[in-house]
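Close look at the chain arrangement
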Amino acid sequence: MNTTPSKTTTPSTTTPPAGTTDPAEGSADAVTEEATAQDSLVKDPAPKDTTGTPSDAADSGTVPDDLAGQSDDDDDDDDALEPDPFDEARHGVGAGAAAVVSAALGVVALTGAWTGRVAAERETLIGQIQTSGGGSAAQQISEIYGDAWHTTALVNGVFAVLALLVGVFVLVRPAFGAPSERPQPTWVRAVALAGVALGVLGVLISAGMYFDLFVSLPTAGVPAGG
């Protein structure tokens, strides 16, 4: 009978030779590299192409829109710079009308108006009524002729002053109020100046008539038998 105990065999661990890799480690490294490659693809799905197809196509698509917007803006600027014919027609209408009125008033002040004739006839009638009961020749001349003459000069002087004021207002209007983009038309200033000149001349003539500077009132002569 054999009394020697039996030997149990243990699996021996063998060390791979130097310079060789473990198959498990190689598979783990391959899995890690594959996962890294997938992450990079997810983060950058469209790799940059040096020829620039996607981004350049998008940029090229927006260029015509920008050019179209710039052309629209240029058209708007051209429309804004072009003068409106209606604005040009309305510009200076009020000032021109006032200038014409000033010149017309100046002409009326020099030639006389129907209002002056009516006022003179009224004064003549009043003088005749006052001297109908008797009165000296000097009193009749003063009441019948002198008052009518002075009334005519006064009415003409009022028209002359109005012509002068309206003409001066038209000339000095651009200096007051909101400034205008365009200067006052030349014809408006010319007509306003004519109105001012006629107004000044009318004032001078009316003042001379009223104070008897040009022609004095007639005087009654002494009767021959007196």
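Residues numbered from 1 in each chain as written. Predicted model: local features only at pLDDT ≥ 70, side-chain atom pairs only at ≥ 80, totals over all residues. Heavy atoms only, no water.

1. Focus on the overall build of the protein chain
Our working rule: Only DSSP runs of H or I with at least four residues qualify as helices, and only runs of E with at least two residues qualify as strands; both kinds are numbered from the N terminus onward. Any two residues having at least one pair of non-hydrogen atoms within 4.5 Å are treated as being in contact. Each accessible area is a Shrake-Rupley result for a 1.4 Å probe, and residues are judged covered by the shown protein chains and nothing else.
Counting its secondary structure elements, the protein chain contains 7 helices and 0 strands. For the protein chain, the succession of helices and strands along the chain, N to C, is α-α-α-α-α-α-α. Pairs at least 24 residues apart make up 82% of the contacts formed inside the protein chain by residues separated by at least 6 positions. Accessible area of the protein chain: about 16700 Å², with a carbon and sulfur share of 63%.

2. Some points on the packing of aromatic side chains
Aromatic ring pairs: the centre-centre distance and the angle between the two ring planes describe each pair. Rule in force here: Whether two aromatic rings pair depends on their centres lying within 6.5 Å, for rings of Phe, Tyr and Trp, where Trp uses its six-membered ring; planes under 30 degrees apart make the pair stacked, over 60 edge-to-face, and the rest tilted. The buried label applies to any residue whose accessible area, calculated with a 1.4 Å probe on protein chains only, is under 20% of its type's maximum; exposed applies above 50%, and partly exposed to all values in between.
Within this structure, the stated rule accounts for 2 aromatic pairs. On the numbers, 6.2 Å between centres and 25° between planes, the contact of Y145 with W149 is stacked. Placement of both Y145 and W149 in helix α6 (residues 137-172) is noted, with a separation of 4 residues, approximately one turn of the helix. Its relative accessible area of 41% is what places Y145 among the partly exposed residues.

3. Here's the deal with unusual backbone geometry
Here the phi dihedral of D212 falls at roughly 55°; this positive angle occurs in a residue that is not glycine. Take D212: it is sitting in the segment after α7 (186-210).

4. Observations concerning the packing of α6 against α7
Our working rule: Axes here mean lines fitted to C-alpha atoms, for a helix over just the part in contact, with angles spanning 0 to 180 degrees between N-to-C directions. Angles are sorted into four bins: roughly parallel if under 35 degrees, roughly antiparallel if over 145, roughly perpendicular if 65 to 115, and oblique for all others. Definitions for this section: a left-handed crossing has its near helix turned counterclockwise from the far helix by less than a right angle. A right-handed crossing has that turn clockwise. In this classification, the charged set is Asp, Glu, Lys and Arg, the nonpolar set is Ala, Val, Leu, Ile, Met, Phe, Trp, Tyr, Cys and Pro, and all remaining amino acids, among them Gly, are polar.
Between α6 and α7, whose axes approach to 7 Å, the crossing angle comes to 155°. The orientation of α6 relative to α7 falls into the category roughly antiparallel. For the element pair α6 and α7, the recorded crossing hand is left-handed. Considered class by class, the residues forming the contact of α6 with α7 number 18 nonpolar, 8 polar and 1 charged.

5. A closer look at a nonpolar patch on the surface
What counts, and what does not: Patch members must show over 30% relative accessible area and no salt bridge, and they are joined within 9 Å when carrying like charges or within 5 Å when they are nonpolar side chains of Val, Leu, Ile, Met, Phe, Trp or Tyr. Here, a salt bridge means any Lys or Arg side-chain nitrogen found within 4 Å of an Asp or Glu carboxyl oxygen.
A cluster of nonpolar side chains, L110, L154, V158, L162, L201, I205, Y210, F211, L213, F214 and V215, forms an exposed patch at the surface whose accessible area comes to about 1100 Å². When residues of the nonpolar patch are traced back to their parent elements, those giving at least two are α6 and α7. If you trace the backbone, I205 turns up in helix α7.

6. Let's talk about the layout of surface pockets
This is how it is decided: Throughout, the protein atoms alone are placed on a 1 Å grid, and a set of points is a cavity if a 1.4 Å probe fits but cannot get out or a pocket if it is open with protein on both sides within 12 Å along at least five of seven lines; lining residues have an atom within 4 Å of a point. Grid points are joined across faces, edges and corners, and a volume is the space filled by probe spheres set on the points.
Of the pockets and cavities examined, the largest pocket occupies roughly 320 Å³. Taken together, 18 residues line the largest pocket, and the ones lying closest to its centre are A95, R173, P174, S180 and Q184. If you list the elements that add at least two residues to the lining of the largest pocket, you get α4 (93-111) and α6. Considering every element that reaches the lining of the largest pocket, the biggest residue donor is α4, with 4 residues. Residues that form the lining of the largest pocket fall into these classes: 11 nonpolar, 5 polar and 2 charged.

7. Some remarks on the side chain of N156
Assignment of secondary structure puts N156 in helix α6. Apart from residues lying up to four places away in sequence, N156 is in contact with V108, A109, G112, A113 and S206.

8. Some words on the nonpolar core
What counts here: Remark: nonpolar core denotes a set of buried residues (Ala, Val, Leu, Ile, Met, Phe, Trp, Tyr, Cys) joined through side-chain atoms within 4.5 Å.
Formed by L105, A109, A113, A119, V155, F159, A160 and A163, the largest nonpolar core amounts to 8 residues. At the level of secondary structure, the elements contributing two or more residues to this core comprise α4 and α6. If we ignore the near neighbours within four places in the chain, the residues touching V155 are T115, G116 and A119.

9. Some words on the confidence of the model for the protein chain
For clarity, the threshold we go by: Across the chain, each position has a pLDDT score giving the predictor's confidence in that residue, from 0 to 100.
On average, residues of the protein chain score 74 in pLDDT, and 57% of them are at 70 or above. Scored below 50 in pLDDT, residues 45-61 shows 2 contacts in the model against residues more than four places distant or in partner chains.

10. A closer look at the packing of α4 against α6
Look at α4 against α6: their axes get within 8 Å of each other, and the N-to-C directions meet at 155°. By the criterion of interaxial angle, the relationship of α4 to α6 is roughly antiparallel. Helix-helix and strand crossings are classified by hand; for α4 and α6 the assignment is left-handed. Between α4, through A95, A98, A99, S102, L105, G106, V108 and A109, and α6, the contact on the second element is made entirely by N156, F159, A160, L162, A163, V166, G167 and V170.

11. A word on the environment of T151
Looking at the element boundaries, T151 is found in helix α6. On a C-alpha basis, the gap between T151 and R117 in space is 8.8 Å, while along the polypeptide they are 34 residues apart.

12. Notes on helix α5 (residues 114-130)
Here is the rule we go by: Any helix carries an expected span of 1.5 Å times its number of residues minus one.
Its 17 residues place the ends of α5 24 Å apart at the C-alpha level, agreeing with the 24 Å of an ideal helix rising 1.5 Å per residue. Next to the buried residues of α5 lie α6.

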